[in-house]
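Here are the chains, one letter per residue:
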Amino acid sequence: MAEQSAHTLARACAQAMFARDAASQGLGIELLDAGPGSARLGMRVRADMLQGHGTCHGGYLFALADSAFAFACNSYDEAAVALGCSIDYVAPARLGDQLLATADEQSRKGRTGNYDVRIENQQGELIALFHGKSYKVRGTVLSPETSND
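Below is a summary of the structure that appears in this document. All figures in this text were calculated on a predicted structure; none of them were measured in a lab.

1. Observations concerning the overall build of the chain
- Check the secondary structure of the chain and you find three helices and six strands.
- Order of helices (α) and strands (β) in the chain, N terminus to C terminus: α-α-β-β-α-β-β-β-β.
- The C-alpha radius of gyration computed for the chain amounts to 15 Å, which stays within 12% of the reference 15 Å derived for 149 residues, consistent with globular compactness.
- Expressed as lengths along the three principal axes of its C-alpha atoms, the size of the chain is roughly 45 × 35 × 25 Å.
- Counting the 149 residues in the chain, one finds 36% classified as buried.
- Counting only contacts in the chain whose residues sit at least 6 apart along the sequence, the fraction spanning at least 24 positions is 62%.
- Put simply, the chain shows about 7800 Å² of open surface, and 51% of that area lies on carbon and sulfur atoms.

2. Regarding the pattern of salt bridges
- In total, this model carries four salt bridges according to the counting rule given.
- A salt bridge links R46 to D48; its shortest N-O distance comes to 2.9 Å.
- Across the salt bridge formed by R108 and E78, the nearest N and O atoms sit 2.7 Å from each other. Of the two residues, R108 sits in strand β4 (residues 98–109) while E78 sits in the loop between α3 (58–73) and β3 (80–89), which places them 30 residues apart along the sequence.
- Shared partners join several salt bridges into a network, and the residues in it are E78, R108 and K136.

Quick notes on the rules
- Residues numbered from 1 in each chain as written.
- Predicted model: local features only at pLDDT ≥ 70, side-chain atom pairs only at ≥ 80, totals over all residues.
- Heavy atoms only, no water.
- Helix = DSSP H or I, 4+ residues; strand = E, 2+ residues; numbered from the N terminus.
- Rg over C-alpha atoms; globule rule 2.2 N^0.38 Å.
- Buried < 20%, exposed > 50% of the residue type's maximum accessible area, 1.4 Å probe, protein only.
- Contact = heavy atoms within 4.5 Å.
- Areas by Shrake-Rupley, 256 points an atom, 1.4 Å probe, with all protein chains shown as cover.
- Salt bridge = Lys/Arg side-chain N within 4 Å of Asp/Glu carboxyl O.

Here's what the structure looks like:
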């Protein structure tokens, strides 16, 4: 029962965050699933995402991975932000590719957590590997703070 409650909480947090996330929505990112310390997001590569070599600009790949990281590290209803992130681009993503970003918690203790994100295309080919470190701040996801103090 506790596992079900943790999954229910994680999905509620992800849905609440996604509803407020104009950046991810604007990129056409879809929230596919969320669980405790995990998230799955999808994004189709559009023509306006291509750079001068005709492949997906790395900034869009980073944004997709960063969003998956954000949903994963905020899945416990404890507000968390990025402390640092890095990405390795493994293969190009092309026009029309349907990308899947899968974020998984590697560690979480005290105020920090570590998360890995894999981006794959529709054939399951690895496109990028991302690592993010989170830092827990004041507040919750489901009842965000409204003051700036």
